Amino acid sequence: MFTITADWMSFVIVGLATLFLVGELLVNAKGIFSILGIGFITIYFSSFLEPGMFVIMIIIYFVGIMLMIIDGKIVNDGTLAVIGLVCMIASVGFAAPNWTAGLYAVIGVLIGGVMSFAFLKVFKKRQMWTKITLFDQLTDEAGYSSINQSHKELVGKTGKTTTDMRPIGTVLIDDREYSAITQGKWIERNTEIKITEVDGTRILVQEIRRQSAE
């Protein structure tokens, strides 16, 4: 079986593993990317670890992948995705035989993850990631023209949140619910808000803070 014999090879093997595994999450590659990714990451861990530690570290690595999937399908705020990335980095870093190989492996995770987004230009994007963005494709056929215009009229209006904003959520304005986003802040449910900006179907809100009486 192929084994890693030089520190720099950690960067190549882990980078390719992360490239294909994260790529499998982003696009519909029909499982081909996952097979390649599992193959590369298995080579990395098996080159340095005994069977017991091999199982532990590869579980931690794939827990990181699963957290990214959960974030993409359910949570959609990036928190679990960040925790998943930390798990992946920790697993490859601690599995390395020395600091140099570990650093190469960590860089491989980061660059492989970033480079995987290039697959979006070639392959069909998975539907699980469509929830993350509030940007819709505006077409007359889809009936968005009038909606877009009505959204512009919301600027300056006040209402309240009907879900927690993390930072994306739902707000109630004039007895109608809209998807909205904050300026990176979390706002709890049933909090008074004001619409500060509308860009297409992207509605930006901020919390209304009441000043206490003197």
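Worth saying up front: this structure is predicted, and the values here are computed from it rather than measured.

**Digging into the pairing of strand 4 (residues 192–199)**
Argument step 1. Relative to strand 4, strand 1 (residues 158–161) runs antiparallel, the two sharing three bridges. Across the sheet, Gly-159 pairs through a bridge with Ile-193, a residue of strand 4.
Argument step 2. When strand 4 meets strand 5 (residues 202–207), the two strands line up antiparallel, connected through six bridges. Its bridge partner being in strand 5, Lys-194 is matched across the sheet by Gln-206.

**So, the pattern of salt bridges**
Argument step 1. According to the stated counting rule, one finds one salt bridge in the structure shown.
Argument step 2. Residues Asp-174 and Lys-157 are paired through a salt bridge, measuring 2.8 Å at the closest nitrogen-oxygen approach. Linking Asp-174 in the loop between strand 2 (168–173) and strand 3 (176–181) with Lys-157 in the loop between helix 6 (144–152) and strand 1, this pair joins segments that are 17 residues apart in sequence.
Argument step 3. A residue is classified by how much of its surface remains accessible, and Asp-174, at 52% relative accessible area, is exposed.

**Description of the packing of helix 1 (residues 8–26) against helix 2 (residues 32–48)**
Argument step 1. The contact between helix 1 and helix 2 brings their axes to 7 Å, and the two run at 150°. In terms of orientation, helix 1 and helix 2 fall into the roughly antiparallel class. Relative to helix 2, helix 1 is oriented so that their crossing is left-handed. Here helix 1 contributes Ser-10, Ile-13, Val-14, Leu-16, Ala-17, Phe-20, Leu-21, Gly-23 and Glu-24 to the contact with helix 2, which in turn contributes Ile-32, Phe-33, Ser-34, Leu-36, Gly-37, Ile-38, Phe-40, Ile-41, Ile-43, Tyr-44 and Phe-48.
Argument step 2. A per-class count over the contact of helix 1 with helix 2 returns 15 nonpolar, four polar and one charged.

**Topic: the nonpolar core**
Argument step 1. Residues Ile-41, Tyr-44, Phe-45, Tyr-61 and Val-92 are the most contacted members of the largest nonpolar core, which totals 25 residues.
Argument step 2. Only helix 1, helix 2, helix 3 (51–75), helix 4 (79–95) and helix 5 (99–115) provide two or more residues apiece to this core.
Argument step 3. Setting aside chain neighbours within four positions, we find Ile-41 in contact with Ala-17, Ile-58, Tyr-61, Phe-62 and Val-92.
Argument step 4. Within the second largest apolar cluster, 12 residues are counted, among which are Met-165, Val-171, Ala-180 and Val-198.

**What to know about helix 4**
Argument step 1. Spanning 17 residues, helix 4 covers 25 Å between terminal C-alpha atoms, matching the ideal 24 Å at 1.5 Å per step.
Argument step 2. Residues of helix 4 that are buried: Gly-84, Cys-87, Met-88, Ser-91, Val-92 and Ala-95. Burial along helix 4 is one-sided: seen end-on, the buried residues are contained in an arc of 115°. Exposed positions of helix 4 whose direction lies more than 90 degrees from the buried face are Val-82, Val-86 and Phe-94.

**Considering the side chain of Ser-10**
Argument step 1. Take Ser-10: it is sitting in helix 1.
Argument step 2. Its relative accessible area of 0% is what places Ser-10 among the buried residues.
Argument step 3. Leaving out residues up to four positions away in the same chain, Ser-10 has contacts with Ile-4, Gly-15, Tyr-44, Phe-48, Ala-101, Tyr-104 and Ala-105.

**A few points about the packing of aromatic side chains**
Argument step 1. Here the structure, examined in full by the defined rule, presents 10 aromatic pairs.
Argument step 2. Aromatic side chains Phe-45 and Tyr-61 sit 6.1 Å apart centroid to centroid with 75° between the ring planes, which places their arrangement in the edge-to-face category. One end of the pair, Phe-45, is in helix 2; the other, Tyr-61, is in helix 3, with 16 residues separating them in the sequence. Summarising the burial analysis for this pair, Phe-45 and Tyr-61 share the class buried.
Argument step 3. Ring geometry for Tyr-61 and Phe-62: centres 5.6 Å apart, planes at 80°, overall edge-to-face.

Rules of the game
- Along each chain, numbering runs from 1 in the same order as the chain's sequence is written.
- Selection of residues for local features in this predicted model requires a pLDDT of at least 70, selection of side-chain atom pairs for listing and counting requires 80 or more, and totals for whole chains, interfaces and linings are taken over all residues.
- Side-chain measures were taken over the full set of non-hydrogen atoms in the model, leaving aside hydrogen atoms and water.
- Only strands joined by at least two bridges in the DSSP assignment are considered to pair.
- Counting from the N terminus, the helices are the DSSP runs of H or I reaching at least four residues and the strands are the DSSP runs of E reaching at least two.
- We define a salt bridge as a contact between a side-chain nitrogen of Lys or Arg and a carboxyl oxygen of Asp or Glu at a distance within 4 Å.
- Only protein chains enter the accessibility calculation, which uses a 1.4 Å probe; a residue whose area is less than 20% of its type maximum is buried, one above 50% is exposed, and one in between is partly exposed.
- To define axes, lines are fitted to C-alpha atoms, for helices over the stretch in contact only, and angles between the resulting N-to-C directions are given on a 0 to 180 degree scale.
- Note that the term roughly parallel is reserved for angles under 35 degrees, roughly antiparallel for angles over 145, roughly perpendicular for angles of 65 to 115, and oblique for everything else.
- In this scheme the crossing of two helices becomes right-handed for a clockwise turn of the near helix relative to the far one and left-handed for an anticlockwise turn of less than a right angle.
- By the convention used here, residues are in contact when the closest approach between their heavy atoms is within 4.5 Å.
- Here the nonpolar group is Ala, Val, Leu, Ile, Met, Phe, Trp, Tyr, Cys and Pro; Asp, Glu, Lys and Arg are the charged ones; every other residue, Gly included, is treated as polar.
- The nonpolar core is taken to be a set of buried Ala, Val, Leu, Ile, Met, Phe, Trp, Tyr and Cys residues, with the residues joined through side-chain atoms within 4.5 Å.
- Multiplying 1.5 Å by the helix residue count minus one yields the expected span of that helix.
- Here the arc refers to the directions that run from the helix axis out to each C-beta atom.
- When two rings of Phe, Tyr or Trp (its six-membered ring) have centres within 6.5 Å they constitute a pair, described as stacked for plane angles under 30 degrees, edge-to-face for angles over 60, and tilted for the intermediate range.

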